[in-house]
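# Chain and residue survey
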Amino acid sequence: KQEVTQIPAALSVPEGENLVLNCSFTDSAIYNLQWFRQDPGKGLTSLLLIQSSQREQTSGRLNASLDKSSGRSTLYIAASQPGDSATYLCAVPTGANNLFFGTGTRLTVIP
Amino acid sequence: KAGVTQTPRYLIKTRGQQVTLSCSPISGHRSVSWYQQTPGQGLQFLFEYFSETQRNKGNFPGRFSGRQFSNSRSEMNVSTLELGDSALYLCASSYGTDNQPQHFGDGTRLSIL
């Protein structure tokens, strides 16, 4: 049974700092991993999708890595901004279009 | 390209009533998935529809049902509402094949009194 863990549950950093969010999963038989952000009261915004054949995926200030053998993914945010404040969720597929989500990391970037 | 649209945004119901939520996917997407988000359980998968057929189902009681129309729009129905059904209901659409990202709507906030 898949379990997805995100540590820490909450993180506060000063503006401009680089930071790393962690995602661990127990079943490495995944074919991709997706990172999302969720603003309060809103839906999820897809940030990055890493396929199992890839090790990294980049979009702007965001870089996500995937290590299936160790069951880990990281989301690196460079030069953090107050607008990056949100909850970040990782998710792995457990069937066609059936995503299993972690519990999320609530990020606060302090101006 | 318009995103995923969910209606209504907010809904208040009482116990025992039923409710129908609607989701219009991104144009060209044939898969619609539904999720329930609560503070205690987080995000949980309800079911997924592709080309008007339910392909996957999560671990929810039969009170939760859905359907998909020929234009890929989907509806979710919850009957005999319980207090514990209060949640943010999110739908996501995709092309429906492996390795395609899911795109989410802003959700319907359902409150049960």
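Now for a description of the structure that goes with this document. Keep in mind the model is a prediction, meaning the values are calculated, not measured.

Parameters at a glance
Residues numbered from 1 in each chain as written. Chains lettered and ligands numbered in written order. Predicted model: local features only at pLDDT ≥ 70, side-chain atom pairs only at ≥ 80, totals over all residues. Heavy atoms only, no water. Phe/Tyr/Trp six-rings, centres within 6.5 Å; stacked < 30°, edge-to-face > 60°. Helix = DSSP H or I, 4+ residues; strand = E, 2+ residues; numbered from the N terminus. Buried < 20%, exposed > 50% of the residue type's maximum accessible area, 1.4 Å probe, protein only. Polar contact = N/O pair within 3.5 Å; in protein donor to acceptor, adjacent residues only side chain to side chain. Contact = heavy atoms within 4.5 Å. Disulfide = S-S within 2.5 Å. Nonpolar A, V, L, I, M, F, W, Y, C, P; charged D, E, K, R; others polar.

Residue and element names in this part refer to chain A. As enumerated under the stated definition, the model contains eight aromatic pairs over all chains in all. When the ring of Phe-36 is compared with that of Phe-101, the centres are 5.6 Å apart and the planes differ by 45°; the resulting orientation is tilted. Placement of Phe-36 in strand E4 (residues 32–38) and of Phe-101 in strand E10 (residues 98–101) is noted, with a sequence separation of 65 residues between them. When its relative accessible area of 0% is taken as the criterion, Phe-36 is described as buried.

This next bit is on the side chain of Glu-75 of chain B. Residue and element names in this part refer to chain B. Within the secondary structure, Glu-75 is located in strand E8 (residues 74–78). Given the relative accessible area of 16%, Glu-75 is considered buried. For Glu-75, the side chain forms a polar contact with the side chain of Arg-73, separated by 3.3 Å. When sequence neighbours within four positions are dropped, the list of residues in contact with Glu-75 reads Thr-20, Leu-21, Ser-22, Trp-34, Ser-65, Gly-66, Arg-67 and Phe-69.

So, on to the state of the cysteines. Residue and element names in this part refer to chain A. All told, the structure shown has two disulfides over all chains when counted by the stated rule. Across the disulfide from Cys-23 sits Cys-90; the S-S distance is 2.0 Å. Across the S-S bond of Cys-23 and Cys-90 the torsion is about 80°, and the bridge reads as right-handed. You can see Cys-23 sitting in strand E3 (residues 19–25) and its partner Cys-90 sitting in strand E9 (residues 86–95), a full 67 residues away along the chain.

Attention now moves to the interface of chain B and chain A. With 23 residues of chain B in contact, the opposing surface of chain A contributes 19 residues. Contributing elements (two or more residues each) for the side of chain B that touches chain A: strand E4 (31–38), strand E5 (42–50), strand E6 (53–57), strand E9 (87–94) and strand E10 (103–104) of chain B. Here the side of chain B that touches chain A gets four residues from one element, more than from any other, and that element is E4 of chain B. Its residues placed into classes, the side of chain B that touches chain A shows seven nonpolar, 11 polar and five charged.

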